[in-house]
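So the chains spell out like this:
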Amino acid sequence: MEEFMLTTLEEMEAETAKLLETGQKVGADSWQQRAKNQGSHCKFGEEGTCCRICTMGPCRITPKAPRGICGCDVHGIVGRNFLRFTAGGAATHSDHGREICHTLYLTSEDGNYKVKDPEKLKKIAAEWDIPTENRDIYDIAHEVAETGLMEYGKPFGTQRFLKRAPEKTQEIWKRENIEPRAIDREVSCAMHMTHMGCSSEPEALVRQSLRCGLSDGWGGSMMGTEFSDVMFGTPMPQDTEANLGVMEEDMVNIIVHGHDPSLSEMIVEYSEKPEMIALAKSVGAKGINIAGVCCTSNEVAMRHGIPMAGNFLSQENVVLTGACEAIVVDVQCIFPALGPLSKCFHTKFITTSEIARMPDSDFIHFNSENAGENAEKIVRMAVENFPNRKKDLVYIPKMKQKATVGYSYESIVKTLDTVTNSFVDETGSTRPLIECINSGVIRGAVAMVGCNNPKVRHDYAHIELMKKLLANDIVLVLSGCSAQAAAKAGLMSKEAKKFCGDGLRRVCELADIPPVLHMGSCVDISRMMVLVANMSKDSGWDINKMPVVGCAPEWMSEKAVSIGNYVVATGLDTYLGVYPQTKGSSKVDGLLQGGLKDWVGACYHVELDVDKLGDSIIEGIEAKRTALGI
Ligand code: BF8
Ligand code: SF4
């Protein structure tokens, strides 16, 4: 048998260079070029020291001008910018969650969307004191959805899902006054606090940043994940493939990109209809191939094994293959560049959401009511576009790797139950994992998440850190573009266990799992919160004492900061490979990288050198083990 090899970054970069040559032939732009055009970044922007929240400004802080015109100092300005950044992320994730609530509200026996996991629905209903006995499943779904929607604007109380956290964590949130109330309220409150003439006190601004983040992670995102599972199924392990080689030269290639599974689920369903496949054959294709980019890709890979073409900084590459009939997008992380780029090829760039309208696209408004009809229209449009391919521009890199995905919380506990016989538990618990950590077979766990960022060599930090951590017997749970980085390289293949230390390798063999577990999209970081919450309950260890940390080595988006804030506020130290725009304030930066420990027992750690970042993660995990006496 051939020895298993990872796909190296050099191989991926050589293929990207070839694709960029095609781009040059047709006069296409690229992020690589645009990043160069931008030159070095504005120092004020990068350090967070420019304020433009009123028209007396913009004010920029320098040694000569230490205060804005209103008298706000650098700490107030940096703090306000950080809070607004967080609010942008929390609003984005949570609005995605809200869309999912609306979709759940519209489910019906014979509608576009149905309840696929009634057990999960009933479990949530019970948690929320919604009666389930002798009720039609769709009645329950509608009441749960409506109750979920109320979480966005309820006038009193805090988020319902907070009760899932261990008591100790809930006490910390209460003590620190960061328990999230209605989700929209936390976002609005952040905007209010950062209006001209409101908060300029860094502690208050950072505190609200945590609360706003928590409303996302334990509110909007958690509902997004849970209700997606109810409608589309809770992910269970399955095999798929990743990297550009998943595109097929002789098939109609439809790329789904964005975040909301309500769109991609329908596209997948309609692409499998016999009449669509017949249509594809009638235009000379062998069939229809769906592949994904970004978090939409994670969603459909986790539930259907749909292959993953690439992550955030690969999105232009799929069009540059010349073999993409349509790139269908919903919301978030979509380059506006895809419009003009698609025009250089035969590719249809199809936008579907009023939230993400872009020039040079075909807009087909997609919502829960017209989902079936419009999914058919989109698939048809892509298929009919196949004969327009310019054959001389087609180049699909051969690279692809196997990946096993689908590790929802439920599937992790089920799978790991097989590892230690003494802890077999019918209902599933995290005890086998705790046993592995307690005995030191696994030293700890890292939740590696987040984006790509041209400030970091594409995927380098993700892949190098993963290899280093695995070799040190640290298990990885992944989501977002980090997950796709792993899958493209081959680290999500079960054969990647050869990169692990002896302990982790043994666990992978016994449980038959890859050493990096794909937990889903970025909203699915809520799955990781449920995992650590239950690990804490099952072990008796406080979350902030467990040898488990978060890491976002190539992050770029506002959403990532919202996530970081709720992960830290939940008690997990979080390691960043890109500096937040807070360097300009020793007070804000000091809180984030230290002071928060006194509030929630965890904080951020920023290190731009990948190797050193890995070392400090390992040191952090070992220090937690020592403190626990394990
Ligand atoms: O929400 S990891 S680049 S795709 S923001 Fe975007 Fe970042 Fe990717 Fe998903 Ni998450
Ligand atoms: Fe300048 Fe103050 Fe206005 Fe900001 S709020 S732009 S610091 S005057």
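A brief look at the structure comes next. Since the model is a prediction, treat every value here as computed from it, not as a measurement.

## A few points about the nonpolar core
Soluble, globular proteins show a tendency: their nonpolar side chains are buried together. Residues Val-144, Ile-267 and Val-446 are the most contacted members of the largest nonpolar core, which totals 167 residues. Broken down by element, the residue count for this core peaks at 10 residues, all from helix H9 (residues 202–232). Not counting residues within four places of it along the chain, the set of residues in contact with Val-144 comprises Leu-104, Leu-121, Ile-124, Ala-125, Trp-128, Ile-130 and Phe-227.

## Here's the deal with the coordination of the nickel atom of ligand 1
For a metal bound by four donors in a tetrahedral arrangement, the ideal donor-metal-donor angle is 109.5 degrees, while six donors in an octahedral arrangement ideally sit at 90 or 180 degrees. Looking at the protein side alone, the nickel atom of ligand 1 has one donor only, Cys-522 (SG), at 2.2 Å. Bound by 4 donor atoms, the nickel atom of ligand 1 shows angles of 90 to 161° at the metal and therefore irregular coordination geometry. Within the secondary structure, Cys-522 is located in the loop between strand E13 (516–518) and helix H21 (525–539).

## Re the site of ligand 1
Near ligand 1 the following residues occur: His-259, Cys-294, Cys-295, Phe-312, Cys-333, Gly-450, Cys-451, Cys-481, Cys-522, Met-556, Ser-557 and Lys-559. In this structure, an oxygen atom belonging to ligand 1 sits 2.8 Å away from a side-chain N or O atom of His-259. Here Lys-559 contributes a side-chain N or O atom positioned 2.9 Å from an oxygen atom of ligand 1. For the shell around ligand 1, the class distribution of residues is 8 nonpolar, 3 polar and 1 charged.

## A closer look at the sheet that holds strand E11 (residues 444–448)
A sheet is described by the order of its strands in space; here 6 strands give the open sequence E13-E12-E11-E14-E15-E16, paired in parallel fashion. In the strand order of this sheet, the two ends are held by E13 and strand E16 (604–606), each with one partner. Neighbouring strand axes in the sheet, compared pairwise and without regard to direction, differ in orientation by 25° on average. Two strands pair when backbone bridges link them, and E11 and strand E14 (residues 548–552) are joined in this way by 4 bridges, in the parallel orientation. Paired with Ala-447 across the two strands is Gly-550, which belongs to E14. Contacts between helix H22 (residues 558–570) and the sheet are confined to strand E15 (574–576) and E16, with E16 contributing the most and set at about 125° to the helix.

## Describing the packing of aromatic side chains
Aromatic rings in a pair are described by how distant their centres are and how their planes are angled relative to each other. Counting across every chain of the model gives 5 aromatic pairs. Pairing Trp-128 with Phe-161 gives two aromatic rings, centres 5.1 Å apart and planes at 45°, and the pair type is tilted. Placement of Trp-128 in the loop between helix H5 (118–127) and helix H6 (137–150) and of Phe-161 in the loop between H6 and helix H7 (167–175) is noted, with a sequence separation of 33 residues between them. Neither residue differs from the other here; Trp-128 and Phe-161 are each classed as buried. Cluster of aromatic residues (ring-pair linked, three or more members): Trp-128, Phe-161 and Phe-227. Sitting over the face of the ring of Tyr-270, Lys-273 holds its NZ or CZ atom 4.8 Å from the ring centroid. Directly above the aromatic system of Phe-363 lies the positively charged group of Arg-357, at a separation of 3.5 Å from the ring centroid.

## Some words on the packing of helix H11 (residues 274–282) against helix H15 (residues 371–385)
Two elements in contact, H11 and H15, have axes whose closest approach is 9 Å; the angle formed by their N-to-C orientations is 15°. When the axis of H11 is compared with that of H15, the two are roughly parallel. When you trace H11 past H15, the crossing you get is right-handed. On H15, the residues that touch Met-276, Leu-279 and Ala-280 of H11 are Glu-376, Val-379, Arg-380, Val-383 and Glu-384. Among the residues forming the contact of H11 with H15, the class breakdown is 5 nonpolar, no polar and 3 charged.

## A look at the packing of helix H17 (residues 431–439) against H21
Close contact between H17 and H21 brings their axes to 9 Å; oriented N to C, the two are set at 70°. One element, H17, and the other, H21, form an angle in the roughly perpendicular class. Taken together, the residues of H21 that come into contact with H17 (itself represented by Arg-431, Leu-433, Ile-434 and Ile-437) are Met-535, Asp-538 and Ser-539. For the contact of H17 with H21, the residue count by class is 4 nonpolar, 1 polar and 2 charged.

## Structural notes on the pattern of salt bridges
Side chains that differ in sign of charge can pair as their charged atoms come close. In total, this model carries 43 salt bridges according to the counting rule given. Arg-160 serves as the salt-bridge partner of Glu-151, at 3.1 Å between the closest nitrogen and oxygen. The exposure class assigned to Glu-151 is buried, which follows from its relative accessible area of 2%. Where Lys-286 meets Asp-250, a salt bridge forms, and the shortest distance between an N and an O atom there is 3.1 Å. Placement of the pair is Lys-286 in the loop between H11 and strand E5 (288–293) and Asp-250 in the loop between strand E3 (238–242) and strand E4 (252–257), with a sequence separation of 36 residues. Exposure remark for Lys-286: the relative accessible area of 59% places this residue in the exposed category. When salt bridges that share partners are traced, they join Lys-120, Glu-127, Arg-164, Glu-226, Asp-229, Glu-299, Arg-303, Glu-410, Asp-524 and Arg-527 into one network.

Cut-offs used in this document
Residues numbered from 1 in each chain as written. Chains lettered and ligands numbered in written order. Predicted model: local features only at pLDDT ≥ 70, side-chain atom pairs only at ≥ 80, totals over all residues. Heavy atoms only, no water. Core = buried A, V, L, I, M, F, W, Y, C linked by side-chain atoms within 4.5 Å. Buried < 20%, exposed > 50% of the residue type's maximum accessible area, 1.4 Å probe, protein only. Helix = DSSP H or I, 4+ residues; strand = E, 2+ residues; numbered from the N terminus. Contact = heavy atoms within 4.5 Å. Donors = N, O, S within 2.8 Å, 3.2 Å for Na, K, Ca; no water. Tetrahedral: all angles 85-135°; square planar, octahedral: opposite > 155°, others 65-115°. Near = heavy atom within 4 Å. Polar contact = N/O pair within 3.5 Å; in protein donor to acceptor, adjacent residues only side chain to side chain. Nonpolar A, V, L, I, M, F, W, Y, C, P; charged D, E, K, R; others polar. Pairing = 2+ DSSP bridges. Axes fitted to C-alpha atoms, helices over the stretch in contact; angles between N-to-C directions. Phe/Tyr/Trp six-rings, centres within 6.5 Å; stacked < 30°, edge-to-face > 60°. Lys NZ or Arg CZ within 6 Å of the ring centre and 35° of its normal. Parallel < 35°, antiparallel > 145°, perpendicular 65-115°, else oblique. Left-handed = near helix turned anticlockwise from the far one by under 90°. Salt bridge = Lys/Arg side-chain N within 4 Å of Asp/Glu carboxyl O.

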